[in-house]
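If you want the building blocks of each chain, they are given just below.
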Amino acid sequence: MLIMSIKAKDKMKKLEEIPVLNESASLKKCLDLMSEKRLGIACFVSQSGELKGLLTDGDLRRLLLTKQSPLPALLVSNGLSFGNSNPTTAHMDDEISKLQAIMNQKQIWDLPIVDSNNKLIGLLHRHDAN
C-alpha cells in the first residue's frame, strides 16, 4: 500500500489569503492588512516577490513596550523595520510533519512558504498544519 505524505503545498494559505506588503510599506498599512486578513502576521516582499521579512503580533507587542515614540510617528514608520528580516521559511514540498516539528521547536505560529529563489508563494499557519 502506498502512503502519501502531506506536503506544505497541500495545507498552506495562498497569497491572496495572507497579508503581503511591499517591503517599504508603513506600519499603518501593515496593521490594516493584518486586520483585514485576520492573521497575526504580515509578509514583506520585494517588487519581484522575494520574501524580505515578517512582522507578527509578538513584534508589535514588543514594539509598544520598548519604543518611546508617539504612536502617530510609529504608524508612518516602515513596518518591516520592527519585524524579522531573516525568518525561518519552508518549501512547498516539505512534509507537514517536519514543519510541525520546526514550528514547535521554534515556538512559531506561521511559516512562510518560498520557492528556490526565496519568492513567497504561501504561508503555513499552525492551525492549518494539523
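Everything numeric in this text was worked out from a predicted model, so none of it was measured.

Calculation rules
- Residues numbered from 1 in each chain as written.
- Predicted model: local features only at pLDDT ≥ 70, side-chain atom pairs only at ≥ 80, totals over all residues.
- Heavy atoms only, no water.
- Axes fitted to C-alpha atoms, helices over the stretch in contact; angles between N-to-C directions.
- Helix = DSSP H or I, 4+ residues; strand = E, 2+ residues; numbered from the N terminus.
- Parallel < 35°, antiparallel > 145°, perpendicular 65-115°, else oblique.
- Left-handed = near helix turned anticlockwise from the far one by under 90°.
- Contact = heavy atoms within 4.5 Å.
- Nonpolar A, V, L, I, M, F, W, Y, C, P; charged D, E, K, R; others polar.
- Buried < 20%, exposed > 50% of the residue type's maximum accessible area, 1.4 Å probe, protein only.
- Polar contact = N/O pair within 3.5 Å; in protein donor to acceptor, adjacent residues only side chain to side chain.
- 1 Å grid on protein atoms, 1.4 Å probe; cavity = no way out; pocket = protein on both sides within 12 Å on 5 of 7 lines; lining within 4 Å.
- Points joined across faces, edges and corners; volume = space filled by probe spheres on them.

*Asks:* I keep staring at the packing of helix α2 (residues 27–37) against helix α3 (residues 57–66) and nothing clicks. Help me out?
*Replies:* Each pair of packed helices gets described by two things: the angle between the helix axes and the distance between those axes. Relative orientation of the contacting elements α2 and α3 amounts to 135°, with a least axis distance of 12 Å. Judged by the inter-axis angle, α2 sits oblique to α3. Read as a crossing pair, α2 and α3 show a hand that is left-handed. Only Asp57, Leu60 and Leu63 of α3 make contact with α2, whose side of the interface consists of Leu27, Leu31 and Met34. Residue composition of the contact of α2 with α3, grouped by class: five nonpolar, no polar and one charged.

*Asks:* How do you make sense of the side chain of Lys13 when you look at a structure like this?
*Replies:* You can see Lys13 is positioned in strand β1 (residues 13–14). Excluding anything up to four places from it in sequence, Lys13 contacts Ile18, Leu39, Ile121, Gly122, Leu123, His125 and Asp128.

*Asks:* For this particular structure, what's the right way to read the side chain of Asp59?
*Replies:* Within the secondary structure, Asp59 sits in helix α3. Relative accessible area serves as the criterion here: at 13%, Asp59 is assigned to the buried category. There is a polar contact of 3.0 Å between the side chain of Asp59 and the side chain of Arg62. Apart from the residues lying within four places of it in its own chain, the contact partners of Asp59 are Leu54, Phe82, Gly83 and Asn84.

*Asks:* Before we go on, may I ask you to explain the layout of surface pockets in this structure?
*Replies:* The method is simple in principle: a probe with the dimensions of a water molecule rolls over the atoms, and the space it marks as empty is what remains. Considering only enclosed or pocket space, the largest pocket measures out at about 390 Å³ in volume. Looking at the lining of the largest pocket, the elements with two or more residues in it are β4 (51–56) and α3. Among the elements that take part in the lining of the largest pocket, α3 stands out by supplying four residues, more than any other.

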